[in-house]
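An overview of the molecular structure
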Amino acid sequence: MSPGLRGRWKMIVENLLLLATILLGGLGIWFYSPWLSLLYFGFAGVVHLFVLRKLICINCIHFKDGCHIGWNRIAFALFSKGSIENFEERMNKIGAPIWIVTFIWPIIALARTLITSFSVSLAFITVFYLLLVIASLFSLGKLGCSNCEMSKKCLIGKICPVKSVKRR
Ligand code: SF4
């Protein structure tokens, strides 16, 4: 497989897993509260499409040249270049908490619904969601962070256990 094709394949896998995780997470919250679920989808859409791109990606070394997950293209199309000096602080103070909220919010909602009104189908959704979170984190680490120059400045990259591939 050519490097270009391999890069595209990784990009598709990372994006599909994250999309599936967010969709299932939002569905899980729906059982707790449909309004909270809509809020979650709104939050995830706005922060991941715009806020993180504006606050973090514009300061990334891959802003112009293309990154493992392809989100630099959104930032490049919408915003102007920032400064690499801002990357670390923004990633650690804004990016990491937003990612944690994105993944944890559905877990809290699912756990509360399971306690108040247990059902086998909800338990299945919870387990499947947790597996998707693990798969997403693993794919980000293995296909992304381990090849990303910026992971040295990124809290998630620093704690990422998947470091088998030599960084660029
Ligand atoms: S590597 Fe991360 S911070 Fe850099 S452009 Fe891609 S998504 Fe944004």
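Residues numbered from 1 in each chain as written. Predicted model: local features only at pLDDT ≥ 70, side-chain atom pairs only at ≥ 80, totals over all residues.

Considering the overall build of the protein chain
What counts, and what does not: For the purposes of this entry, the term helix denotes a DSSP run of H or I that reaches at least four residues, the term strand denotes a run of E that reaches at least two, and both are numbered from the N terminus. C-alpha atoms define the radius of gyration in this analysis, and the globule rule sets the expected value at 2.2 Å times the number of residues to the power 0.38. Once C-beta atoms are placed from the backbone, each residue is buried if 20 or more other C-beta atoms lie within 10 Å of its own, exposed if 12 or fewer, and partly exposed for counts between those two. In this description, a residue-residue contact is defined by the distance between C-beta atoms placed from the backbone, which must lie within 7 Å.
Scanning the protein chain from N- to C-terminus turns up six helices and zero strands. When its helices and strands are written in sequence order, the protein chain yields α-α-α-α-α-α. Since a compact globule built from 168 residues should have a radius of gyration of about 15 Å, the 17 Å found for the protein chain is in line with a globular shape. Dimensions of the protein chain along its principal axes, counting C-alpha atoms only, are 50 × 35 × 25 Å. For the protein chain, with 168 residues in total, the buried portion stands at 32%. Intrachain contacts of the protein chain at a sequence separation of at least 6 include 58% that bridge at least 24 residues.

A closer look at the UniProt feature "transmembrane region" (unreviewed entry) in the protein chain
Basically, it comes down to this: UniProt positions are given in the numbering used here, feature names are shortened, and annotations may be inferred rather than shown by experiment.
Residues annotated by UniProt as "transmembrane region" (unreviewed entry) correspond here to residues 12-32, 38-56, 96-115 and 121-143. With 100% helix and 0% strand, the stretch residues 121-143 has end C-alpha atoms that lie 32 Å from each other.

Side note on the packing of helix 4 (residues 87-116) against helix 5 (residues 120-144)
Convention followed: Here an axis means a line fitted to C-alpha atoms, over the contact stretch when the element is a helix, while the angle between two N-to-C directions is reported on a 0 to 180 degree scale. For classification, angles of less than 35 degrees are called roughly parallel, those exceeding 145 degrees roughly antiparallel, those between 65 and 115 degrees roughly perpendicular, and all remaining angles oblique. By definition, turning the near helix anticlockwise from the far helix through less than a right angle yields a left-handed crossing, and turning it clockwise yields a right-handed one. Note that Gly is not counted as nonpolar here; it falls among the polar residues with everything else outside the nonpolar set of Ala, Val, Leu, Ile, Met, Phe, Trp, Tyr, Cys and Pro and the charged set of Asp, Glu, Lys and Arg.
Following both chains from N to C, one finds helix 4 and helix 5 inclined at 160°, their axes separated by 10 Å at the closest point. Looking at the two axes, helix 4 sits roughly antiparallel to helix 5. Considering the relative orientation of helix 4 and helix 5, their crossing is left-handed. Along its contact with helix 4, which presents Phe103, Pro106, Leu110, Thr113 and Leu114, the element helix 5 presents Leu122, Ala123, Ile125, Thr126, Tyr129 and Val133. Broken down by class, the residue content of the contact of helix 4 with helix 5 amounts to nine nonpolar, two polar and no charged.

A look at the site of the ligand
Selection rule: To decide whether a residue is near a molecule or strand, its C-beta atom is placed from the backbone and checked for lying within 6 Å of it.
Around the ligand, the surrounding shell consists of Ile56, Cys57, Cys60, His62, Phe63, Cys67, Ile69, Trp71, Asn72, Cys148 and Met150. For the shell around the ligand, the class distribution of residues is nine nonpolar, two polar and no charged.

What about helix 4?
For clarity, the threshold we go by: Take the number of residues in a helix, subtract one, and multiply by 1.5 Å to get its expected span.
Helix length check: helix 4, at 30 residues, gives a terminal C-alpha distance of 42 Å against a target of 44 Å (1.5 Å per residue), a fit within 8%. Within helix 4, burial applies to Phe87, Met91, Gly95, Thr102, Pro106, Ala109, Leu110 and Thr113.

Considerations on the nonpolar core
Threshold: For the purposes of this analysis, a nonpolar core is taken to be any set of buried Ala, Val, Leu, Ile, Met, Phe, Trp, Tyr and Cys residues that are connected through C-beta atoms within 7 Å.
Ile56, Cys57 and Cys60 are the most contacted members of the largest nonpolar core, which has 33 residues in total. Listed by contribution, the elements that provide at least two residues to this core are helix 1 (3-32), helix 2 (34-55), helix 4 and helix 5. Residue contributions to this core peak at seven residues, all from helix 5. Setting aside residues no more than four positions away along its own chain, Cys57 makes contact with Leu52, Phe63, Trp71, Asn72 and Ala75.

A closer look at the confidence of the model for the protein chain
We apply this condition: Every residue carries a pLDDT, the predictor's confidence in it, which falls somewhere between 0 and 100.
The share of residues in the protein chain with pLDDT of 70 or more is 91%, and the mean pLDDT across the chain is 90. Within the protein chain, helix 6 (residues 155-159) has the poorest average pLDDT of any element, 71, and helix 2 the best, 97.

So, helix 2
Definition in use: Fitting one axis to the seven residues ending at a residue and another to the seven starting there, the bend at that residue is the angle between the two axes.
Here helix 2 is 22 residues long and its end C-alpha atoms lie 29 Å apart, about the 32 Å a rise of 1.5 Å per residue gives. The sharpest bend along helix 2 measures roughly 45° and falls at Val47. Regarding helix 2, the residues found buried are Tyr40, Ala44, Leu52, Arg53 and Leu55.

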